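Below are the chains, spelled out letter by letter.
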Amino acid sequence: MKQVIPFVAADISALAKSLRKQLMACEQFPTHVEMLNLLAKASGHQNFQQLKAQQLPLEADESGLEPLAVDIPAKLKPFMDQDYVLRQWPGRYALQQQSLWFFWCRFRYGVEYSEAEVNALLKPFIGFGDHPLIRRELVNKSLLGRTDDGGRYWRQSAIPPAGFERLAEVW
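Let me sum up the structure you'll find in this document. (Residues numbered from 1 in each chain as written. Predicted model: local features only at pLDDT ≥ 70, side-chain atom pairs only at ≥ 80, totals over all residues. Heavy atoms only, no water.)

**Points about the nonpolar core**
- Phe102, Trp104, Ile134 and Leu138 are the most contacted members of the largest nonpolar core, which totals 34 residues.
- Looking at this core, the elements with two or more residues in it are helix 4 (93-104), helix 5 (115-122) and helix 6 (131-140).
- Among residues more than four places away in sequence, those in contact with Trp104 are Tyr109, Leu138, Leu143, Arg155, Gln156, Ala158, Pro160, Leu167 and Ala168. (Core = buried A, V, L, I, M, F, W, Y, C linked by side-chain atoms within 4.5 Å. Buried < 20%, exposed > 50% of the residue type's maximum accessible area, 1.4 Å probe, protein only. Helix = DSSP H or I, 4+ residues; strand = E, 2+ residues; numbered from the N terminus. Contact = heavy atoms within 4.5 Å.)

**Overview of the packing of helix 5 against helix 6**
- Between helix 5 and helix 6, the shortest axis-to-axis distance is 10 Å and the interhelical angle comes to 110 degrees. Compared by their axis directions, helix 5 and helix 6 come out roughly perpendicular. Here Glu115, Val118, Asn119 and Leu122 of helix 5 come into contact with helix 6, specifically with His131, Ile134, Arg135 and Leu138.
- Looking at the contact of helix 5 with helix 6 residue by residue, the class counts come to four nonpolar, two polar and two charged. (Axes fitted to C-alpha atoms, helices over the stretch in contact; angles between N-to-C directions. Parallel < 35°, antiparallel > 145°, perpendicular 65-115°, else oblique. Nonpolar A, V, L, I, M, F, W, Y, C, P; charged D, E, K, R; others polar.)

**Let's talk about the packing of helix 1 (residues 12-24) against helix 2 (residues 32-42)**
- As a packed pair, helix 1 and helix 2 sit with axes 9 Å apart at the nearest point and diverge in direction by 135 degrees. In terms of axis orientation, helix 1 runs oblique to helix 2. The interaxial crossing formed by helix 1 with helix 2 has right-handed handedness. Contacts between helix 1 and helix 2 pair Leu15, Ser18, Leu19, Gln22 and Leu23 from the former with Met35, Leu38, Leu39, Lys41 and Ala42 from the latter.
- Here the contact of helix 1 with helix 2 is built from residues that sort into seven nonpolar, two polar and one charged. (Left-handed = near helix turned anticlockwise from the far one by under 90°.)

**A look at helix 1**
- Between the first and last C-alpha of helix 1 there are 18 Å, a value that for 13 residues agrees with the 18 Å anticipated at 1.5 Å per step.
- Residues of helix 1 that are buried include every one of Leu15, Leu19 and Gln22, and no others. Within helix 1, the buried residues cover an arc of 65 degrees as seen down the axis, which keeps them to one side. The exposed residues of helix 1 that point more than 90 degrees off its buried face are Lys17, Arg20, Lys21 and Met24.
- Here the buried face of helix 1 lies against helix 2.
- Residue Asp11 occupies the N-cap position of helix 1, its side-chain oxygen lying 3.0 Å from the main-chain nitrogen of Ser13. (Expected span 1.5 Å × (residues − 1). Arc of directions from axis to C-beta. Polar contact = N/O pair within 3.5 Å; in protein donor to acceptor, adjacent residues only side chain to side chain.)

**A closer look at the packing of aromatic side chains**
- Counted by the stated rule, this structure contains four aromatic pairs.
- Pairing Trp101 with Trp104 gives two aromatic rings, centres 5.0 Å apart and planes at 80 degrees, and the pair type is edge-to-face. Taken together, the residues Trp101 and Trp104, both in helix 4 and three residues apart, mark about one turn of the helix.
- Classification of Trp101 as buried rests on a relative accessible area of 6%.
- Trp104 gets classed as buried once you look at its relative accessible area, which sits at 0%.
- Ring centres of Phe107 and Tyr113 lie 5.2 Å apart, and the angle between their planes is 85 degrees; on these two criteria the pair is classed as edge-to-face. Taken as a pair, Phe107 and Tyr113 share a single burial class, namely buried.
- Connected via pairs of aromatic rings, a cluster forms that spans Trp101, Trp104 and Tyr109.
- One Lys or Arg, Arg155, reaches over the ring of Trp104 and ends 3.8 Å from the middle of that ring.
- In this structure, Arg155 packs its charged tip against the face of Tyr109, placed 4.0 Å from the ring centre. (Phe/Tyr/Trp six-rings, centres within 6.5 Å; stacked < 30°, edge-to-face > 60°. Lys NZ or Arg CZ within 6 Å of the ring centre and 35° of its normal.)

Laid out in structure tokens, this is it:
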């Protein structure tokens, strides 16, 4: 199975300038591998292999999930414990939306999940027992994609809000 490697550039203008400079130095149109290296270099990596290596999980706990190292926002702390288990669904919409990012990061890019697999991933992080609510909200917020029949789910590409950027690096 092909490994999906997310690509994020902090500054698109700097990326464009670097790519332009590198492409002008090429004698012929770059091959696929050369283009991957150009993109990686333009985003500050030595080469594509280094970019790819940084996408692999560093350490997984017994559940197989990479440990998170993201501060829980102060306003979410009454609802979420230090292990990122949401004890209750916040009443405020903004806090509900923030909490969804902690679930989104538990899904791998490029992997399709059945509804049962989605539920199995969500349940350990929900202390109030309503995993269908979280699953629906992830889909409604376009953090998870879903087939029309609800049979398959996948992690959508998304940019987390300020303070949650590290969650995009998980998996």
